[in-house]
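# Architecture at a glance
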Amino acid sequence: MNTLAAVMQLLVAAAFVSIPLVRHRYGHVAKAAAVTELHRQGVRPEVLEENKLRFDAGGHETAAPVAVAVVMVATASLNFAGADAAQLLTWIFSSLVLLMNAAIVYSNLTAVKSVEAAFRSKGDPELARIEVAPFLRAAEDAFPSWVRAQTYVRNTAVFGGSAVALLAVSLPWG
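Residues numbered from 1 in each chain as written. Predicted model: local features only at pLDDT ≥ 70, side-chain atom pairs only at ≥ 80, totals over all residues. Heavy atoms only, no water.

## Notes on the environment of arginine 25
Short version of the rule: A run of H or I in DSSP counts as a helix once it spans at least four residues, and a run of E counts as a strand once it spans at least two, with each numbered from the N terminus. For each residue, the accessible area found with a 1.4 Å probe, counting protein chains only, is set against the maximum for its type, and the residue is called buried under 20%, exposed over 50%, and partly exposed in between.
Of note, arginine 25 is situated in helix α1 (residues 2-41). Look at arginine 25 and you get partly exposed, because its relative accessible area is 48%. Separated by 75 residues in sequence, arginine 25 and methionine 100 place their C-alpha atoms 24 Å apart.

## With respect to the packing of aromatic side chains
As a reminder, the rule being used: Any two rings among Phe, Tyr and Trp, with Trp reduced to its six-membered ring, count as a pair given centres within 6.5 Å; such a pair is stacked if its planes are under 30 degrees apart, edge-to-face if over 60, and tilted if neither.
Enumeration according to the criterion identifies three aromatic pairs in this entry. Between phenylalanine 55 and phenylalanine 135 the ring centres are 5.9 Å apart and the planes differ by 65°, which places this aromatic pair in the edge-to-face class. Taken together, the positions of phenylalanine 55 in the loop between α2 (46-50) and α3 (60-81) and phenylalanine 135 in helix α7 (residues 132-142) put the pair 80 residues apart, joining distant regions of the chain. Each member of the pair, phenylalanine 55 as well as phenylalanine 135, carries the same accessibility label: buried. Taking 6.3 Å as the distance between ring centres and 55° as the angle between the ring planes, the aromatic pair formed by phenylalanine 119 and phenylalanine 135 counts as tilted. Taken together, the positions of phenylalanine 119 in helix α5 (residues 111-122) and phenylalanine 135 in helix α7 put the pair 16 residues apart, joining distant regions of the chain.

## A short note on a nonpolar patch on the surface
The following threshold applies: Patch definition: residues above 30% relative accessible area lacking any salt bridge, with like charges linked at up to 9 Å and the nonpolar side chains Val, Leu, Ile, Met, Phe, Trp and Tyr linked at up to 5 Å. Using the Shrake-Rupley algorithm and a 1.4 Å probe, accessible areas are obtained, with residue cover drawn only from the displayed protein chains. Within this document, salt bridges are pairs made up of a side-chain nitrogen of Lys or Arg and a carboxyl oxygen of Asp or Glu, the two lying within 4 Å of each other.
Together, Leu88, Ile92, Leu96, Leu99 and Met100 give the surface a local cluster of nonpolar side chains, amounting to about 470 Å² of exposed area. When you line up the elements, leucine 96 lands in helix α4 (residues 86-109).

## A short note on the layout of surface pockets
Over the atoms rolls a probe the size of a water molecule, and in doing so it shows where empty space is left. Stated formally: Put plainly, a pocket is an open set of points on a 1 Å grid over the protein atoms alone with protein on both sides within 12 Å along at least five of seven lines, a cavity is a set where a 1.4 Å probe fits but cannot get out, and a lining residue has an atom within 4 Å of a point. Grid points are joined across faces, edges and corners, and a volume is the space filled by probe spheres set on the points. The classification used treats Ala, Val, Leu, Ile, Met, Phe, Trp, Tyr, Cys and Pro as nonpolar, Asp, Glu, Lys and Arg as charged, and all other residues, Gly among them, as polar.
Taken as a whole, the largest pocket holds about 1,800 Å³ of empty space. Arg23, Glu61, Ser107, Asn108 and Ala111 are the residues nearest the centre of the largest pocket, which is lined by 45 residues in total. Across the lining of the largest pocket, the residue classes break down as 25 nonpolar, ten polar and ten charged.

## Quick notes on the packing of α3 against α4
The packing of two helices is summarised by the inter-axis angle and the distance between the axes. Just so we agree on the cut-off: Convention adopted: a line fitted to C-alpha atoms gives each axis, helices being fitted over their contacting stretch, and angles between N-to-C directions are expressed from 0 to 180 degrees. For classification purposes, an angle smaller than 35 degrees is called roughly parallel, one larger than 145 roughly antiparallel, one from 65 to 115 roughly perpendicular, and anything else oblique. A clockwise turn of the near helix away from the far one marks a right-handed crossing, whereas an anticlockwise turn of less than a right angle marks a left-handed crossing. Contacts are assigned to residue pairs with any non-hydrogen atoms lying within 4.5 Å of each other.
Where α3 contacts α4, the two axes come as close as 10 Å, and the packing angle between them is 150°. Judged by the angle between their axes, α3 and α4 are roughly antiparallel. Relative to α4, the crossing made by α3 is left-handed. Along its contact with α3, which presents Val68, Val71, Met72, Thr75, Leu78 and Asn79, the element α4 presents Ala86, Leu89, Thr90, Phe93, Ser94, Val97 and Met100. Taken together, the residues of the contact of α3 with α4 break down into nine nonpolar, four polar and no charged.

## Re the side chain of arginine 23
We apply this condition: The definition of a polar contact used here is a pair of N or O atoms within 3.5 Å, where within protein one atom must be able to donate a hydrogen and the other to accept one, and adjacent residues in sequence count solely through side-chain atom pairs.
Structurally, arginine 23 is set in helix α1. By relative accessible area, arginine 23 is classed as buried at 18%. A polar contact of 3.4 Å, which involves the side chain of arginine 23, links it to the side chain of glutamate 61.

## Remarks on the packing of α1 against α7
Between α1 and α7, the least distance of the axes is 7 Å, while the angle of their chain directions is 150°. Between α1 and α7, the angle falls in the class roughly antiparallel. Pair α1 / α7 crosses with right-handed handedness. Across the interface between the two elements, Val29, Ala30, Ala33, Ala34, Glu37, Leu38, Arg40 and Gln41 from α1 touch Pro134, Phe135, Ala138, Ala139 and Ala142 from α7. Residue classes in the contact of α1 with α7 are distributed as ten nonpolar, one polar and two charged.

## Description of the pattern of salt bridges
Close approach of charged atoms lets side chains of opposite charge pair. For the coordinates displayed, the defined rule picks out nine salt bridges. Here glutamate 61 makes a salt bridge to arginine 23, at a shortest N to O gap of 3.4 Å. Of this pair, glutamate 61 sits in helix α3 while arginine 23 is found in helix α1, placing the two residues 38 residues apart along the sequence. The class for glutamate 61 is partly exposed, based on a relative accessible area of 23%. Of the charged contacts, one joins arginine 44 and glutamate 46 as a salt bridge, the two residues approaching to 3.7 Å between their closest N and O atoms. The partly exposed category is assigned to glutamate 46, whose relative accessible area is 41%. Residues joined in a network through salt bridges with shared partners are Arg44, Glu46, Glu50 and Glu126.

Here it is as structure tokens:
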């Protein structure tokens, strides 16, 4: 059932690529909303640039998901080809993807606390003054409403696709 594993890995790759695509398309809108919120709080918006805070698809926001997608496509190719290493690599990479996605979900669920801690650790008094919850909510609300549903679909595809890929290479399917 290497073909099933490969298809699931391509689904996972597409799910990861969707992250920077959405941020690239709508990140500037989220930043504008965050800047508006900073003005409301009496914080200079330049503090974002000074501390390299972004809402677009720059840096690791593109590199990490694209790297995961490339690895998934490569592993899927090995599964399609029936390569001997495909099962082992599926176990390694699909397991890592499950763990990474769990960390991403946890990070999203605890974003306010972690951003507050990060802002405090920077030692910038202006950054520390930011009310993080409304700041993040403003940025999140600036994305189109379908992005929340896309996030659920993406997480389901990543968790489900990785689990099915692992099962597909592990069970004796005939």
